[in-house]
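Observations on the three-dimensional arrangement
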Protein chains: 2
Amino acid sequence: MFLGRAVERLSILIAEQSKAVFDDMGIVIPVRSCSLMTVLANLGTASASDLAKELGHSHQLVMQKLPKLLRLGLIQHRNDNDDARRRIFHLTDEGVKQLAKFEQCRVLLRAAYEQLFAEVGDVRNLIDRTANALKVTPLDKRINTGG
Amino acid sequence: MFLGRAVERLSILIAEQSKAVFDDMGIVIPVRSCSLMTVLANLGTASASDLAKELGHSHQLVMQKLPKLLRLGLIQHRNDNDDARRRIFHLTDEGVKQLAKFEQCRVLLRAAYEQLFAEVGDVRNLIDRTANALKVTPLDKRINTGG
DNA sequence: ATTGCAACATATTGCGCAATATGTTGTAAG
DNA sequence: CTTACAACATATTGCGCAATATGTTGCAAT
């Protein structure tokens, strides 16, 4: 219980502070859509499903992010001539510029996190190991078997 | 960036697994409303603002949780005769029963977390220290000053 | 050619945190 | 007594993750 709360608070804190950094640097990409933008840049053109596969998310989750990116003028789409089901997305010039800014920002953030980890410990690593441990042995099993 | 993702994933994972444990034990209290229920039990009767103060949250956030608890029959409310602004909430019998179940569950969960911490390390402590470090020196300052 | 299935896209709903605006009531200052 | 402010409650909106249902299109098997 209490671990959940603490983790959630930290998650919100990081999201807030990341947003503040983005604002300072003039980055309009939604914080939680950066990986989507990066993946799209690497793929060049991609459908929602392509992006979902690459990100390891559901295509629905990707679909929910796209309208905002379209509205921000960061991406565009066109229909696929070969496959009427697919809508092909790609970055706009503005999207490319924004992504370049983000890449600069990422370098700075990485350094900031290194500094943070040096200060308090390697949270990143411990969180990953915790998540893995919980995937291997979920809470309900930890309760039933008693250990 | 990547820390944020990892923390968020862990947060969702814990919420899911907590929900599963609750389901198994027949607890219908929403996972994120347990502290509210506990606080209300301790106070006996309380307004939304009382609860918010006690929880350290905004009263709006508390207000958003109350309708669901009412719908689940876990709490009731009545008007305050002395102060027409206030709506006084209290647990129902069902709410008391559910909270008792939750308290049993909490003991089990605590043990499960102790086991988890023994396995991977004291995540709880490290997360708290990380959050505190970020409150003292936010990400933007860590970027600007360079350390 | 039709039928059935898979892939893809979209819409809807629910949960949860957060911010903002509005309205109501109580109380204290003038 | 009226006016102004504080406390409280409510409503609305936005963001984000998740689950589910519904269409649509493509393709392969019959």
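Residues numbered from 1 in each chain as written. Chains lettered and ligands numbered in written order. Predicted model: local features only at pLDDT ≥ 70, side-chain atom pairs only at ≥ 80, totals over all residues.

**Comments concerning the protein's contact with DNA strand D**
- Around DNA strand D, the structure places 21 residues, and the nearest of them are P30 and A84 of chain A together with S47, A48 and S49 of chain B.
- Within the residue set of the surface near DNA strand D, elements represented by two or more residues are α4 (59-71) of chain A together with α3 (48-55) and α4 (59-71) of chain B.
- At five residues, the largest contribution of residues to the surface near DNA strand D is made by α4 of chain A.
- By residue class, the composition of the surface near DNA strand D is seven nonpolar, six polar and eight charged. (Near = placed C-beta within 6 Å. Helix = DSSP H or I, 4+ residues; strand = E, 2+ residues; numbered from the N terminus. Nonpolar A, V, L, I, M, F, W, Y, C, P; charged D, E, K, R; others polar.)

**Let's talk about the environment of A6 of chain A**
- Tracing the backbone shows A6 of chain A in helix α1 (residues 2-25).
- The buried category is assigned to A6 of chain A, around which 21 C-beta atoms lie within 10 Å.
- If we ignore the near neighbours within four places in the chain, the residues touching A6 of chain A are R124, I127 and D128 of chain B. (Buried ≥ 20, exposed ≤ 12 C-beta atoms within 10 Å, placed from the backbone. Contact = placed C-beta atoms within 7 Å.)

**Here's the deal with helix α6 (residues 123-136) of chain A**
- End to end, α6 of chain A covers 20 Å across 14 residues, agreeing with the expected 20 Å (1.5 Å per residue, within 8%).
- The complete set of buried residues in α6 of chain A reads V123, L126, I127, T130, A131 and L134 of chain A. The buried side chains of α6 of chain A occupy one side of the element, clustering within an arc of 135 degrees when seen end-on. Exposed side chains of α6 of chain A directed beyond 90 degrees from the buried face belong to K135 and V136 of chain A.
- Buried positions along α6 of chain A lie against α5 (93-120) and α7 (139-144) of chain A together with α1 (2-24), α5 (93-120) and α6 (123-136) of chain B. (Expected span 1.5 Å × (residues − 1). Arc of directions from axis to C-beta.)

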